[in-house]
Amino acid sequence: LHSLFSIMQYDFLILGGAGMQGRIAARDLLESGHSVFLADLYKEKAENLLKRPKTGFAFIDLRDIPAIVALIKKVKAPVVLNCAEGDWDLNVYEACLETKTHVLDLGSDIPMTKKQIAMHADFAKNDLIAITGCGSTPGINNVLLHHAHQLFDSLDTIEVGFAWDSNIKKFVVPFSIESIIEEFTAPAATIKDGQWIMKTPMETIEEREFREIGKQKCFIVRHPETFTFYHYNKKDGLKNLRFYAGFPDHSINTIRTFIDTGLGSSDPVIVDGKEVAPDATLTQVLKTLPYPEGYTEKENLWVHVWGEKDGKPKEILMECIVNTLSDWQDAGCNIDIGMPASIMAQMVKDGRITARGSYPPGPVVPTEEFFRELHNRGMVVYQNGEIINGKKPKKSKSFFKKIFQRRIFAK
């Protein structure tokens, strides 16, 4: 263990701290003046961070709940930020309940999200907050919807999603490859006229146009927002809901090759007498790929809402535009996952988030304050083409008008 482990209490414990998102969140927390303890199955990628003051490290296997409990008790951090793969989110929640510690994570699939939200009463009675899905989407998009929702009397339709592209058309992992492969292959739950229906992602491909991105293919995917948005908003009349993922062609083609060749499978194969999961191996191999020199990305996180206000139809398009930052080039647009998680964790620690129980971000994160924090990190929030968290550039309305003319959701 790091030499400071036994002599100081840390502000935050980051599980999965050596992964991409864990490192981004840790750096943001450190540069915000906090102390951070990292824990992971691996340490190599975290070595540079651990050279900084106020850091520590331990190895952890999140399959082992008693080990998680023991680590939380030793680190004594009031907030646990789980940036590991979503498979172990429930284990971390159980450990945090046992240790009476606030907890946030980056989200998982719908079944696990349901189980986490169902723990609301347990966290509330222990005066704790648990927030699942604190990255980009889920995460930023949840807060965008909450902001828009306050401007409606009733809701009818929500479309939500992301689109991104890069200046160099070479494959770089945009986020967790395991999560991406699930988005390409898993049947996607959507809601139409108040009924749950299933879609096959690759059968829903269409081309749309996105601010800062341009024309791009997108398709319906399984995402936890389909559950959380409907769970919290169906009382206001919500009838239609679907989530879209947008990828550039060069990324789509590479990901489909992984899938077609079996590299994206979780079914183990025998290699030299040992069982090896192809997707887990692929994840580790891709972690070693460097970003091409001069590589940058742009991402558009968006939520499009239809409903009524004062008896009249109303429509709002919320967007968050994310660019590669000059001093974060090795993170690309992944800053919009790790940084929001850091922001929300800080809001829990300093009391800006006061709710208790188990939630997604939308109902509990203060929107204006959160948007200001995004602006401080170079992320721009639009409402109907107008920037609402910083200086407005010229011609910001033109794209919004173009989108509205298309009326992209067919009821």
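Preceding this section is the structure that the text describes.
Per chain, residue numbering runs from 1 following the sequence as it is written. It should be noted that, the model being predicted, local features are given only for residues of pLDDT at least 70 and side-chain atom pairs only at 80 or more, the latter also being counted only at that level, while totals for whole chains, interfaces and linings use all residues. The side-chain figures draw on all heavy atoms in the structure; neither hydrogens nor water molecules are used.

Undergrad: So what exactly am I meant to see when it comes to the packing of helix H6 (residues 140-149) against helix H8 (residues 225-233) here?
TA: Relative orientation and spacing of two packed helices are given, respectively, by the angle between their axes and the distance between those axes. Every angle, taken between N-to-C directions, lies between 0 and 180 degrees, and every axis is a line fitted to C-alpha atoms, over only the stretch in contact when it is a helix. Helix and strand definitions here come from DSSP, where helices need a minimum of 4 consecutive H or I residues and strands a minimum of 2 consecutive E residues; each element is numbered from the N-terminal end. Running from N to C, H6 and H8 cross one another at 25°; their axes reach a closest spacing of 11 Å. With respect to H8, the axis of H6 lies roughly parallel. Judged by the twist between their axes, the crossing of H6 over H8 is right-handed. For the pair H6 and H8, the contacting residues are Asn141, Asn142, Leu145 and His149 in the first and Glu225, Thr228, Phe229 and Asn233 in the second. The residue classification treats Ala, Val, Leu, Ile, Met, Phe, Trp, Tyr, Cys and Pro as nonpolar and Asp, Glu, Lys and Arg as charged. All others, Gly included, are polar. Of the residues belonging to the contact of H6 with H8, the class tally is two nonpolar, five polar and one charged. Any angle that falls under 35 degrees is termed roughly parallel, while one over 145 is termed roughly antiparallel, one within 65 to 115 roughly perpendicular, and all others oblique. Whether a crossing is left-handed or right-handed is set by the direction in which the near helix is turned from the far one by less than a right angle, anticlockwise for left-handed and clockwise for right-handed. Should any heavy atoms of two residues lie within 4.5 Å, those residues are counted as being in contact.

Undergrad: How do you make sense of the pattern of salt bridges when you look at a structure like this?
TA: Close approach of charged atoms lets side chains of opposite charge pair. Salt bridges are identified by distance alone: a Lys or Arg side-chain nitrogen within 4 Å of an Asp or Glu carboxyl oxygen. Overall, the coordinates contain 24 salt bridges when judged by the stated rule. Here arginine 352 ties to aspartate 350 by a salt bridge, and the two come within 2.9 Å at their closest N and O atoms. With a 1.4 Å probe rolled over the protein chains alone, any residue whose accessible area is under 20% of its type maximum counts as buried; one over 50% counts as exposed, and the rest are partly exposed. Among the residues examined, aspartate 350 registers a relative accessible area of 44% and is labelled partly exposed. Within this structure, Asp28, Asp350, Arg352, Glu369, Arg372, Glu373 and Arg377 form a network of salt bridges that share partners.

Undergrad: Got a minute to help me understand the nonpolar core in this structure?
TA: Soluble, globular proteins show a tendency: their nonpolar side chains are buried together. Ranked by internal contacts, the top residues of the largest apolar core, which has 87 residues, are Phe247 and Phe370. Here the element with the most residues in this core is helix H11 (residues 335-349); it accounts for nine residues. The residues touching phenylalanine 370, leaving out its near neighbours within four places in the chain, are Ile140, Val143, Pro340, Ile343, Met344, Met347 and Val365. Core analysis: the next-biggest nonpolar cluster, separate from the first, contains 28 residues, Leu13, Ile60, Leu90 and Phe123 among them. We call a set of buried Ala, Val, Leu, Ile, Met, Phe, Trp, Tyr and Cys residues a nonpolar core when their side-chain atoms join them within 4.5 Å.

Undergrad: Before we go on, may I ask you to explain unusual backbone geometry in this structure?
TA: Leave glycine aside and you will find that most residues have negative phi; peptide bonds, for their part, are mostly trans. A cis amide bond links threonine 137 to the next residue, proline 138, at an omega of 10°. With respect to the element layout, proline 138 can be found in the loop between strand S6 (129-131) and H6. One non-glycine residue, glutamate 212, lies in the positive phi region at around 70°. Structurally, glutamate 212 is set in the loop between strand S10 (206-210) and strand S11 (214-220). With a relative accessible area of 41%, glutamate 212 lands in the partly exposed category. Within the chain, aspartate 310 stands out as a residue other than glycine whose phi angle is a positive 55°. Tracing the chain through its elements places aspartate 310 in the loop between strand S15 (297-309) and strand S16 (312-323). Assessed through its relative accessible area of 60%, aspartate 310 is described here as exposed.

Undergrad: Teacher, can you tell me more about the packing of helix H4 (residues 110-117) against H8 here?
TA: Where H4 contacts H8, the two axes come as close as 9 Å, and the packing angle between them is 40°. Of the possible angle classes, the one that applies to H4 and H8 is oblique. Mapping the contact onto sequence places Ile110, Thr113, Lys114 and Ile117 in H4 and Thr226, Phe227, Thr228, His231 and Tyr232 in H8.

Undergrad: Looking at this structure, I do not really get the state of the cysteines. What am I missing?
TA: Defined by distance alone, a disulfide is two cysteine sulfur atoms within 2.5 Å. Under the definition given, this model contains zero disulfides. This cysteine, cysteine 320, is not joined by any disulfide, and cysteine 333 carries the nearest cysteine sulfur, 9.9 Å off. By relative accessible area, which is 0% here, cysteine 320 ends up buried. Take cysteine 333: its relative accessible area is 4%, and that puts it in the buried class.

Undergrad: Teacher, can you tell me more about helix H12 (residues 367-376) here?
TA: Note: α-helices contain 3.6 residues per turn, so residues at a spacing of three or four share the same orientation. Within H12, burial applies to Thr367, Phe370, Phe371, Glu373 and Leu374. Across the axial projection of H12, the buried residues extend over an arc of 155°, all falling on one side. For H12, the exposed residues set more than 90 degrees away from the buried face come down to Glu368 and Asn376. Along its buried surface, H12 packs onto H6, S16, H11 and strand S18 (380-383). By definition, the arc is the one covered by directions from the helix axis to the C-beta atoms.

Undergrad: Mind showing me how you'd approach the sheet that holds strand S17 (residues 357-359) here?
TA: Taken in spatial order, the seven strands of this open sheet run S3-S2-S1-S4-S5-S6-S17, and their pairing is parallel. Each end of this open sheet is capped by a strand with a single partner; those strands are strand S3 (55-59) and S17. Taking the axes of each pair of neighbouring strands and ignoring which way they run, one obtains an average angle of 15° across the sheet. Whether two strands pair depends on DSSP finding at least two bridges between them. Where strand S1 (residues 12-15) meets strand S4 (residues 79-82), four bridges bridge the pair, whose relative direction is parallel. From the neighbouring strand, leucine 15 faces S4, where its bridge partner is asparagine 82.

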